[in-house]
Amino acid sequence: MIADSFPVCLCLTGKTLAANLAALDEHRQYVDLVELRADCLDPSEKFLIRSFPEKAGLPCILTVRRKSDGGCFVDGEGVRLVMIAKALSFASSDARANFAYADLESDFHMATIEDACRTFGTRIIRSVHYTEGIPQDLDAAYEALIQEDDEIPKLAVRPRSAAELSRLVAWASGLPKRDRLILGMGDYGFPSRILASRMGSLFCYTSLDNADMPLAAPGQTSPESFVETYRGRDTKVDSDLYALLGDRSILSSLSPSLHNTAFRSLKKDALLVPMPSETIEEALENLGLFNVKGAAITVPHKEAVLPYLSFQSTDVQRIGACNTLVAREGGWAGYNTDADGFERSVLEFLEREDFKGMKVTLIGAGGAAKSVALSLFRRGAECVVLNRTISTARALARKYGFIWGPLDDRAIEVVTRYSDLIVQATSLGMKGGIDGDPLEFYEFDGHEKVYDLIYKPSKTALLVRAEEAGCRTANGYTMLRYQAAGQYKLWMGELPPSGHY
Ligand code: NAP
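The structure presented is a predicted model; accordingly, all values stated were derived computationally and were not measured.

Reading the values: the criteria
Residues numbered from 1 in each chain as written. Predicted model: local features only at pLDDT ≥ 70, side-chain atom pairs only at ≥ 80, totals over all residues. Heavy atoms only, no water. Salt bridge = Lys/Arg side-chain N within 4 Å of Asp/Glu carboxyl O. Helix = DSSP H or I, 4+ residues; strand = E, 2+ residues; numbered from the N terminus. Buried < 20%, exposed > 50% of the residue type's maximum accessible area, 1.4 Å probe, protein only. Pairing = 2+ DSSP bridges. Near = heavy atom within 4 Å. Polar contact = N/O pair within 3.5 Å; in protein donor to acceptor, adjacent residues only side chain to side chain. Areas by Shrake-Rupley, 256 points an atom, 1.4 Å probe, with all protein chains shown as cover. Nonpolar A, V, L, I, M, F, W, Y, C, P; charged D, E, K, R; others polar.

Draft legend 1. Summary view of the pattern of salt bridges. Enumeration according to the criterion identifies 35 salt bridges in this entry. One salt bridge connects Asp32 with Arg233, and the closest N-O pair in it is separated by 3.2 Å. Taken together, the residues span a long stretch of sequence, with Asp32 in the loop between helix 1 (17-27) and strand 2 (33-37) and Arg233 in the loop between helix 8 (223-229) and strand 9 (240-246) at a distance of 201 residues. We note a salt bridge from Arg160 to Glu164, for which the minimum N-O separation is 2.8 Å. Residue class for Arg160 comes out partly exposed when judged on its relative accessible area of 47%. Overall, Glu164 belongs to the buried group, its relative accessible area being 15%. Overlapping salt bridges bring together Arg65, Arg66, Asp69, Glu77, Arg80, Asp103, Glu105, Asp107 and Lys154 as one network.

Draft legend 2. How the structure looks around the pairing of strand 17 (residues 403-406). Sheet topology note: the strand 16 (residues 382-387)/strand 17 ladder contains 4 bridges and is parallel. Looking across to strand 17, one finds that Val384 is bridged to Ile403.

Draft legend 3. Spatial organisation of the site of the ligand. Close contacts around the ligand come from 22 residues, with Gly367, Ala368, Asn387, Arg388 and Thr389 the closest. The backbone of Leu480 places a nitrogen or oxygen atom 3.3 Å from an oxygen atom of the ligand. Protein burial of the ligand: of its 920 Å² of free accessible surface, 80% is covered by the chains. If you list the elements that add at least two residues to the shell around the ligand, you get helix 13 (367-378) and helix 17 (477-492). The residue inventory of the shell around the ligand, partitioned by class, reads 12 nonpolar, 8 polar and 2 charged.

So, in structure tokens, the structure goes:
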């Protein structure tokens, strides 16, 4: 193929050839080949396609994707045929001026076009797209694509769950070797795109996602993110694999970037990939299939994973939640690095060694608040736990001899007394979630130190209001970094040198 490292294909979905070339030039350093999605071009451009490969200066795939296959082409098959024929015709004897590949669907057959492709060195990608779900009989779907030895079968499906992705991955692992493209689209298919080399695919499809160059297919990442965030060029099929487990919101988590940047700079042959799933059972199945060495766990699986652990660290037992898995011979060992991460981050913020003599309000009683409560307890804080659901606040507070209360104006007096430090550990105000300020009933007077576990946005409404009143504030970004450093230590058996997380 084209590059020594795993090749990256940029799908170009601009309305003009000039816009596509400009986008390619901007990202060229990350790209080994391009797919010209001719179905996205303005009508006036559609018959100028022929000149594109020479201008692009990289191997090009010609694709005219119909709407029913996830593309934009809505005219009849006759028009599409003429477009493809014109794009491939008058082929030059210089192969670089021709399209290197033509993506022709499994129901598209035109002997003259296929013969021309073979004559002028254009390889046919024989594709089928299941835009919702995966076929019951994957063997039959795949075999229908293998009509000629020199063609490249491309099976693109859209798993509706992590379980459907598992089925695809398990099936692909048993296929005999040949040039092929097998991928899962959408959120649940994301790992199969990043791990395209492990799926046995020839290259990874990527695309941009902006007004001029819309995403080519669901679940694609940008070439830059594939190469930089996901180490697409500097890891191999047998590099150690780690996963981030959680619901679909993990696809915008900063954790992959944090870990993969550290793995790269510390010269670890390792990669962390988000693997979204609705249930922990589905997540664990995928870990097995991809031979994952360890995982970071977030909402909603931190508690659900407990029954599946062969070992639980003391913090996991105390907190009742696990955010880190390590593969051991007897099964999954579970750890929790959130309490340590919070502690290191907040003590740095306070410039203190512990919380002794401090009166603290903890807002929230969910998974993150449980880790915070353990840390506040073991480092000597006096604390009130406030939560929307008061029974959960009571259960958490009782564990450590704290007091508790409701998260409304009945708590004004107690917050006033427990106001050396206010820790916000609910999901209220988180980007993509519910907007709001969980302490809106309380007026800051400026002496309070306010720490919000949320780091996206970097300043929640609560932090903005606290700052306006003159309070010192911090968000949860350093906690994220420090709990990730704890995960690195568990996975690699050594502390990351300072500055790497
Ligand atoms: P969780 O287990 O789902 O708990 C959610 C908490 O938020 C509960 O206390 C819940 O109260 C409360 N809540 C949710 N919606 C609310 C609303 N509309 N009004 C008032 N309270 C509401 O989630 P989690 O794992 O604890 O995570 C909480 C936050 O911490 C998230 O934003 C997460 O991103 C952040 N976090 C940050 C880090 C970091 O490293 N910085 C680490 C872990 C978590 P109820 O009990 O009444 O439902």
